[in-house]
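Letter by letter, the chains look like this.
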Amino acid sequence: MNIVDSIRNQQVNDDIPEFSVGDTLRFRVRVVEGAKERFQTFQGSVIQRKGSGIEETFTIRKVSGNVGVERVFPVNSPNLSNITIVSRGKVRRAKLYYLRKLSGKKARIASRRDFTPKK
Amino acid sequence: MALRLLGTKLGMTQIFEESGEMTPVTIIELAPNIVIQKKTVETDKYSALQLGYESKSAKNTSKPEIGHTKKAGQGPLRFLRESRVDGAIVDNYNLGDEIKVDFFTTGETVDVTGVTKGRGFAGVIKRHGMHGTASLTHGAHEVMRHAGSIGASATPARVFRGKRMAGRYGNDRQTTQNLRVVDLRVEENILIVKGAVSGRTGGLVMVQKSIKAKR
């Protein structure tokens, strides 16, 4: 393995649970405001996952007070912690962009019944 | 003038910094540079250090060249480059001394010189960033990737020198200033700087402390 690849792979975090598009995740985001540092909890469904290795990112979407909120994070970002899978979704697409146009009952993702969330 | 070390561009990737920010970085291999020749005002009318980098086989090296590096106790080297430095700095080094990555420190800024990728005979769109017929002005029409107008008519009745046109592009020496040293690994001879550096992967680069560094 060459040095560039090894530097790239060193940063990949193996402890992150496997999740895929359609899953609902909950995690904490480190937010730095001036000198202070605090954690924000974010819960939403994964609508996109792309890239590989250190460059891999995912897009997570939630609807907060009738406004859709989407954020993109690197999968291996050290700013994310306590990633838990709330539910696994049954989806037929790799990118769930269609959710952006839907709201209310239409915007639900069917959950996979073979998944039991960890307590 | 600052001492300019020789290295090899290994490629680019991304790195998470302590703040959690993702930073684009270039990885440069700086194997120990060897002091091959010391030039002084007395002998050469200017002072400089000649550094050598990367060994090569003696089979393809001329005897004068072998003799030159032998004075510093070295086998033949592929790259020999001179850095103009003050006489006081020249006196600090002896022939055969190795200068390693720890010449730099994490957090300081460096200037990196490389030779840009040669693109051959390139048109104005690639070479000068013109817009062709995508532009509604500058006289470009009919031919999509052409430049359009190259000047007025009877006055001045010529095309000004330096008018941007198609031609050889790339293969130029180029320096990128003020790249921050994100990390360095002395055992592996690796220097990691933020941002892009001219040249192909595997190409020769020269690294020096920033001449415009903020103090």
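Residue numbers restart at each chain and count upward from 1, following the sequence in its written direction. Written order decides the labels, with chains lettered from A and ligands numbered from 1. Whole-chain, interface and lining totals are the exception, using all residues; otherwise, since this is a predicted model, local features are given only for residues with pLDDT of at least 70 and side-chain atom pairs are given and counted only at 80 or more. Values reported for side chains reflect all heavy atoms of the structure, with hydrogen atoms and water molecules removed beforehand.

1. Brief notes about the interface of chain A and chain B
Right, on to step 1. At the interface, 14 residues of chain A touch 15 residues of chain B.
Right, on to step 2. By buried area we mean the combined loss of accessible area, with a 1.4 Å probe, across both parts when two parts are placed together. Counting each side, the surface lost to burial between chain A and chain B is near 1,200 Å², with a carbon and sulfur contribution of 61%.
Right, on to step 3. The largest share of the area that chain A buries against chain B comes from A:Ile3, A:Val4 and A:Ile7, three residues that together contribute 39% of it.
Right, on to step 4. The working definition used for a salt bridge is a side-chain nitrogen of Lys or Arg within 4 Å of a carboxyl oxygen of Asp or Glu. Linking chain A to chain B there are zero salt bridges.
Right, on to step 5. Any pair of nitrogen or oxygen atoms within 3.5 Å is treated as a polar contact; in protein, a donor-acceptor pairing is required on top of that, and neighbouring residues in sequence qualify only through side-chain atoms on both sides. Where chain A meets chain B, there are seven residue pairs in polar contact (both at pLDDT 80 or more).
Right, on to step 6. Residues were grouped as follows: Ala, Val, Leu, Ile, Met, Phe, Trp, Tyr, Cys and Pro as nonpolar; Asp, Glu, Lys and Arg as charged; and all remaining residues, including Gly, as polar. Within the side of chain A that touches chain B, the residues separate by chemical class into six nonpolar, five polar and three charged. When checking whether two residues touch, look at their non-hydrogen atoms; a contact exists if any pair is within 4.5 Å.

2. Section: the pattern of salt bridges
Right, on to step 1. Tallying each qualifying case throughout the model produces 15 salt bridges over all chains.
Right, on to step 2. When the shortest N-O distance is used, the salt bridge between B:Glu54 and B:Arg78 registers 3.1 Å. Of the two residues, B:Glu54 sits in strand β4 (residues 48-55) while B:Arg78 sits in strand β5 (residues 77-84), which places them 24 residues apart along the sequence.
Right, on to step 3. Each residue's exposure class comes from its accessible area (1.4 Å probe, protein chains only) as a fraction of the maximum for that residue type: buried when under 20%, exposed when over 50%, partly exposed otherwise. Here B:Glu54 falls in the partly exposed class, since its relative accessible area comes to 34%.
Right, on to step 4. Via salt bridges that share partners, A:Asp5, A:Arg8 and A:Glu55 belong to a single interconnected network. Helix numbering and strand numbering both begin at the N terminus, where a helix is a DSSP run of H or I of at least 4 residues and a strand a DSSP run of E of at least 2.

3. So, the domain arrangement of chain B
Right, on to step 1. When its domains are assigned, chain B resolves into domain 1 (5-119 + 172-209) and domain 2 (122-169).
Right, on to step 2. Note: domain ranges come from an automatic or database domain assignment. Centre-to-centre separation of domain 1 of chain B and domain 2 of chain B, based on C-alpha positions: 39 Å.

4. Considerations on a positive patch on the surface
Residues and elements named next belong to chain A.
Right, on to step 1. To count toward a patch, a residue needs a relative accessible area over 30% and no salt bridge; like charges are then connected within 9 Å, while nonpolar side chains (Val, Leu, Ile, Met, Phe, Trp, Tyr) are connected within 5 Å. Here the open area of atoms and residues is found with the Shrake-Rupley method and a 1.4 Å probe, where only the protein chains shown may cover a residue. A residue counts as positive if it is Lys or Arg and as negative if it is Asp or Glu; His and the chain ends are not included. The location of each charge is read from NZ of Lys, CZ of Arg, CG of Asp or CD of Glu. Together, Lys-90, Arg-92, Arg-93 and Arg-113 make up a region of like positive charge exposed at the surface.
Right, on to step 2. By the secondary structure assignment, Arg-113 is in the segment after β5 (80-87).
Right, on to step 3. Here Arg-113 falls in the exposed class, since its relative accessible area comes to 82%.

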